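Analysis of the macromolecular model
Okay, here's what each chain looks like letter by letter:
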Amino acid sequence: MDSAQNYIVELIDETKRKLFDVRKLPADKIMRYIKFPGGKYSIRLIEDANNNGKWDAGDVYKGIQAERIWYLDRTFTIRANWEQNETIDVSFK
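Before going into details, it helps to say that this report is about the structure given with it.

Rules behind the numbers
- Residues numbered from 1 in each chain as written.
- Predicted model: local features only at pLDDT ≥ 70, side-chain atom pairs only at ≥ 80, totals over all residues.
- Heavy atoms only, no water.
- Helix = DSSP H or I, 4+ residues; strand = E, 2+ residues; numbered from the N terminus.
- Areas by Shrake-Rupley, 256 points an atom, 1.4 Å probe, with all protein chains shown as cover.
- Salt bridge = Lys/Arg side-chain N within 4 Å of Asp/Glu carboxyl O.
- Buried < 20%, exposed > 50% of the residue type's maximum accessible area, 1.4 Å probe, protein only.
- Pairing = 2+ DSSP bridges.

Another aspect to go through is the overall build of the protein chain. The helix and strand tally for the protein chain stands at zero helices and five strands. Secondary structure elements of the protein chain, listed N to C terminal, follow the sequence β-β-β-β-β. For the protein chain, the spread of C-alpha atoms along the three principal axes comes to 50 × 30 × 25 Å. Carbon and sulfur atoms make up 48% of the accessible area of the protein chain, which totals about 7000 Å².

This paragraph deals with the pattern of salt bridges. Summed over the entire model, instances satisfying the criterion amount to three salt bridges. As a salt-bridge pair, Glu 10 and Arg 44 come within 2.4 Å of each other at their nearest N and O atoms. Taken as a pair, Glu 10 in strand S1 (residues 6–13) and Arg 44 in strand S3 (residues 39–48) lie far apart in primary sequence, 34 residues in all. In this pair, the class of Glu 10 matches that of Arg 44, namely buried. As a salt-bridge pair, Arg 23 and Asp 21 come within 2.6 Å of each other at their nearest N and O atoms. Arg 23 gets classed as partly exposed once you look at its relative accessible area, which sits at 27%. The buried category is assigned to Asp 21, whose relative accessible area is 17%.

Attention shifts here to the pairing of S3. Counting buried residues along S3, eight of its 10 residues qualify, which places the element largely inside the surrounding structure. Pairing analysis gives eight bridges linking S1 to S3, with the strands arranged antiparallel. Across the sheet, Asn 6 pairs through a bridge with Asp 48, a residue of S3. With three bridges connecting them, S3 and strand S5 (residues 76–78) associate as antiparallel partners. Pairing of Gly 39 across the sheet is with Ile 78, part of S5. Where S3 meets strand S4 (residues 69–71), three bridges bridge the pair, whose relative direction is antiparallel. Among the inter-strand pairings, Leu 45 is bridged to a residue of S4, identified as Trp 70.

Listed below in structure tokens is the structure:
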């Protein structure tokens, strides 16, 4: 990940349809999810090139590419009253 770039982290369900949480990635790159219902979740990461806090589509007429999106290639389970740590390696290609 580019340290000069801004990113948005979205917590989504395993089907990638329901959105539970949207946050900007902090400088220390550590996210904490507290008080979420138990279930299987995934992560969607958006490279926020214009720092407006949302994904932007491209514009063919202006020659602007859409902001890049990265999906976690697996799901993880959040359990009630359970603490766990996940490390996620991100590579935009």
